[in-house]
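Structural overview
Chain by chain, the residues run as shown.
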Amino acid sequence: MADGRRADSARRRQRVIKAVAAAVKAGTPITVSGIARQAGVDRAFLYRHKDLLARVHAADSEPRADSIGPLVTRASLQADLANAQERAGRLTARIRTLEGKLSELLGEQTWRDSGLGGPDDIDQLKRRITALEQQAVDLTGQLEERNEELQAARAANRQLISRLNTSH
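From a predicted model like this one, the values you see are computed outputs, not experimental measurements.

**Focus on the pattern of salt bridges**
All chains considered together, the criterion is met by four salt bridges. Among the ionic pairs, Asp8 bridges to Arg11, the shortest N-O distance being 3.6 Å. You can see Asp8 and its partner Arg11 sitting in helix α1 (residues 2-26), three residues apart, about one turn around the helix. Since its relative accessible area comes to 46%, Arg11 is described here as partly exposed. Of the charged contacts, one joins Asp8 and Arg12 as a salt bridge, the two residues approaching to 3.0 Å between their closest N and O atoms. In this pair, Asp8 and Arg12 both sit in helix α1, four residues apart, roughly one turn of the helix. A relative accessible area of 26% means that Asp8 is categorised as partly exposed. Residue Arg12 is classed as partly exposed on the basis of its relative accessible area, which comes to 24%. One salt-bridge network, in which partners are shared between bridges, spans Asp8, Arg11 and Arg12.

**Details of the packing of α1 against helix α2 (residues 32-39)**
Where α1 contacts α2, the axes come no closer than 8 Å and their chain directions differ by 120°. With respect to α2, the axis of α1 lies oblique. As for the relative orientation of α1 and α2, their crossing is right-handed in sense. Touching Arg15, Val16, Ala19, Val20, Ala22 and Ala23 of α1 are Ile35, Gln38 and Ala39, all from α2. Looking at the contact of α1 with α2 residue by residue, the class counts come to seven nonpolar, one polar and one charged.

Procedures and definitions
Residues numbered from 1 in each chain as written. Predicted model: local features only at pLDDT ≥ 70, side-chain atom pairs only at ≥ 80, totals over all residues. Heavy atoms only, no water. Salt bridge = Lys/Arg side-chain N within 4 Å of Asp/Glu carboxyl O. Helix = DSSP H or I, 4+ residues; strand = E, 2+ residues; numbered from the N terminus. Buried < 20%, exposed > 50% of the residue type's maximum accessible area, 1.4 Å probe, protein only. Axes fitted to C-alpha atoms, helices over the stretch in contact; angles between N-to-C directions. Parallel < 35°, antiparallel > 145°, perpendicular 65-115°, else oblique. Left-handed = near helix turned anticlockwise from the far one by under 90°. Contact = heavy atoms within 4.5 Å. Nonpolar A, V, L, I, M, F, W, Y, C, P; charged D, E, K, R; others polar.

Put into structure tokens, the structure is as follows:
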């Protein structure tokens, strides 16, 4: 009975090997389910025999013999997919940035066109405000200097008056 099982397993293994070879030769897509169906075995048979499963995966990752042009492997396709996803992410971020800028510019233009916005010479007014603020700072500094000089003069006057009062 054990010999019968071994013989049956060997026949199934040969059918799987032939199915993989036929799929490679025909250039059809190679999957575990497809090879198991073509060989007339259960998928579990392939998963129990790791060498057959490795053969199926190896055949799947090999480039097709009938392909014209550059060879395409699963790894190269995955790398291309990863690169395309990265590029799509960068482009999405760029689009969001540009949409934000466009929204801001359209909002400012609408604000000005509605008559509610400030005058067009805002930059000139901002420069004028900056100049006036600087002038206010300068004048405040001059006022503080003069207040200090005035306090020093008053202190000197008090000393002179107190000397005059004590000498008489």
